[in-house]
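Examination of the molecular architecture
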Amino acid sequence: MAIRIPTPDVQGAQRLGGMQAQAADTPFQRLTMPDTTFNSRMLQQLGESGVQFANYLQEQQDERLLLELQAGVGDWERSLLFGEDVTGAPTGEGGVLALEERDAFGLTQRVEADFDAHLTEYNESLSGLSRNGRQAAQEFAQRRREALLDQTARYEFQQREAYNNRLRREAEAAAARAAETAWASPEAMAAAEARLVSATT
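Right, let's walk through the structure included here. (Residues numbered from 1 in each chain as written. Predicted model: local features only at pLDDT ≥ 70, side-chain atom pairs only at ≥ 80, totals over all residues. Heavy atoms only, no water.)

Before going further, it helps to examine the overall build of the protein chain. A count of helical and extended segments in the protein chain gives four helices and zero strands. For the protein chain, the sequential pattern of α-helices and β-strands runs α-α-α-α. Expressed as a percentage of the 201 residues in the protein chain, the buried residues total 19%. Long-range contacts, defined here as pairs at least 24 residues apart, represent 64% of the contacts in the protein chain between residues at least 6 apart. (Helix = DSSP H or I, 4+ residues; strand = E, 2+ residues; numbered from the N terminus. Buried < 20%, exposed > 50% of the residue type's maximum accessible area, 1.4 Å probe, protein only. Contact = heavy atoms within 4.5 Å.)

Following this line, the structure appears as structure tokens:
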């Protein structure tokens, strides 16, 4: 004797004569597996939300730190170049762009060293930046450094030219005074000038 295990295919009424019978409605036909992935889907969505929130917080922190860097460097530049405090009021000591002629010599090297030293003050606070934030901070610092050094190099060159022009004018005036007092008579001076012209031609 064979034992038949009922399955949805063979369960219920069987074929009788030439008629097809409908299988009885049984719990086997309505059986569905329980949803065991629901919790894992919810955890995955929760994890994705947590990652998005963490990314949002990192973006906010990056923005805050970059704005603090920009404001700090801007205030330092204004103080260095123009001698103004954060409010724009003069500090009384004047900036490096107030230096004239010989005092401005070597200005670019001093500003370069001061800028690098000032940036090191931000190293600890900028350690909280993301990789993209660090790259943005480096690009900002590089652009500000180049612009600042370009500005001070041009100013230093102008002051060198002004100093050289003043020395030329003073030398010409001294030569003119020496020429006026060097000869006892205008005839002796004319003869000396003639000798000088003939010697140089």
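Text resumes after the structure shown.
This part takes up the pattern of salt bridges. The final tally for this structure, using the stated rule, is eight salt bridges. Linked through salt bridges whose partners overlap, the residues forming this network are E112, D116 and R145. (Salt bridge = Lys/Arg side-chain N within 4 Å of Asp/Glu carboxyl O.)

Here we come to the side chain of D62. For D62, the position within the fold is in helix 1 (residues 38-82). Despite its burial, D62 pairs with no opposite charge; the closest candidate is R134, at 7.5 Å N-O. (Lys, Arg positive; Asp, Glu negative; His and termini not counted.)

This part is about the packing of helix 1 against helix 2 (residues 107-119). Contact geometry of helix 1 with helix 2 gives a least axis separation of 11 Å together with a crossing angle of 150°. Between helix 1 and helix 2, the crossing angle belongs to the class labelled roughly antiparallel. Of the two elements, helix 1 crosses helix 2, and the hand of that crossing is right-handed. Between helix 1 and helix 2, the residues in contact are L69, G72, V73, W76, E77 and L80 and V111, D114, F115, H118 and L119, respectively. (Axes fitted to C-alpha atoms, helices over the stretch in contact; angles between N-to-C directions. Parallel < 35°, antiparallel > 145°, perpendicular 65-115°, else oblique. Left-handed = near helix turned anticlockwise from the far one by under 90°.)

So, about the side chain of H118. Inspection of the secondary structure puts H118 in helix 2. Leaving out residues up to four positions away in the same chain, H118 has contacts with G72, V73 and W76.

We now examine helix 1. For helix 1, which comprises 45 residues, the first-to-last C-alpha distance of 65 Å matches the rise-based estimate of 66 Å (1.5 Å per residue) to within 8%. Along helix 1, the positions that sit buried rather than exposed are D62, L65, L66, L69, G72, V73, W76, E77, L80 and L81. Count one or two residues on from helix 1 and you reach G83, which has phi positive near 70°. (Expected span 1.5 Å × (residues − 1).)

With that settled, the discussion passes to helix 2. End to end, helix 2 covers 18 Å across 13 residues, agreeing with the expected 18 Å (1.5 Å per residue, within 8%). All buried positions along helix 2 are accounted for by L107, T108, V111, F115 and H118. All buried residues of helix 2 project into a common sector of 90° when viewed along the axis, lining one side. (Arc of directions from axis to C-beta.)

Turning our eyes to something else, we now look at the environment of F140. Following the sequence through the fold, F140 ends up in helix 3 (residues 131-182). Accessibility expressed as a relative area gives 12% for F140, which makes it buried. Separated by 70 residues in the primary sequence, F140 and Q70 place their C-alpha atoms 8.0 Å from one another.

This part takes up the nonpolar core. Grouped together as the largest cluster of nonpolar side chains are 20 residues, with contacts concentrated most on L69, L126 and L148. For this core, the secondary-structure elements that each account for two or more residues are helix 1, helix 2 and helix 3. (Core = buried A, V, L, I, M, F, W, Y, C linked by side-chain atoms within 4.5 Å.)

This part covers the packing of aromatic side chains. Per the counting criterion, the structure on display carries two aromatic pairs. Consider the rings of F105 and Y163, whose centres lie 5.5 Å apart with planes at 90°: the pair is edge-to-face. Residue F105 is found in the loop between helix 1 and helix 2, and its partner Y163 is found in helix 3; the two are separated by 58 residues along the sequence. The exposure class of F105 is partly exposed, given its relative accessible area of 21%. Stacked on the ring of F105, the Lys or Arg R160 has its end atom at 4.2 Å from the ring centre. (Phe/Tyr/Trp six-rings, centres within 6.5 Å; stacked < 30°, edge-to-face > 60°. Lys NZ or Arg CZ within 6 Å of the ring centre and 35° of its normal.)

A few words on a nonpolar patch on the surface. A cluster of nonpolar residues, F53, Y56 and L57, forms a patch on the protein surface that exposes about 330 Å² of accessible area. Tracing the backbone through its elements, the reader meets Y56 in helix 1. Residue classification places Y56 among the partly exposed positions, given a relative accessible area of 44%. (Patch = residues over 30% accessible without salt bridge, like charges linked within 9 Å, V, L, I, M, F, W, Y side chains within 5 Å. Areas by Shrake-Rupley, 256 points an atom, 1.4 Å probe, with all protein chains shown as cover.)

With respect to the helices, strands and loops of the structure, N132 is situated in helix 3. Counting along the chain gives 70 residues from N132 to D62, while the straight-line C-alpha distance between them is 8.6 Å.

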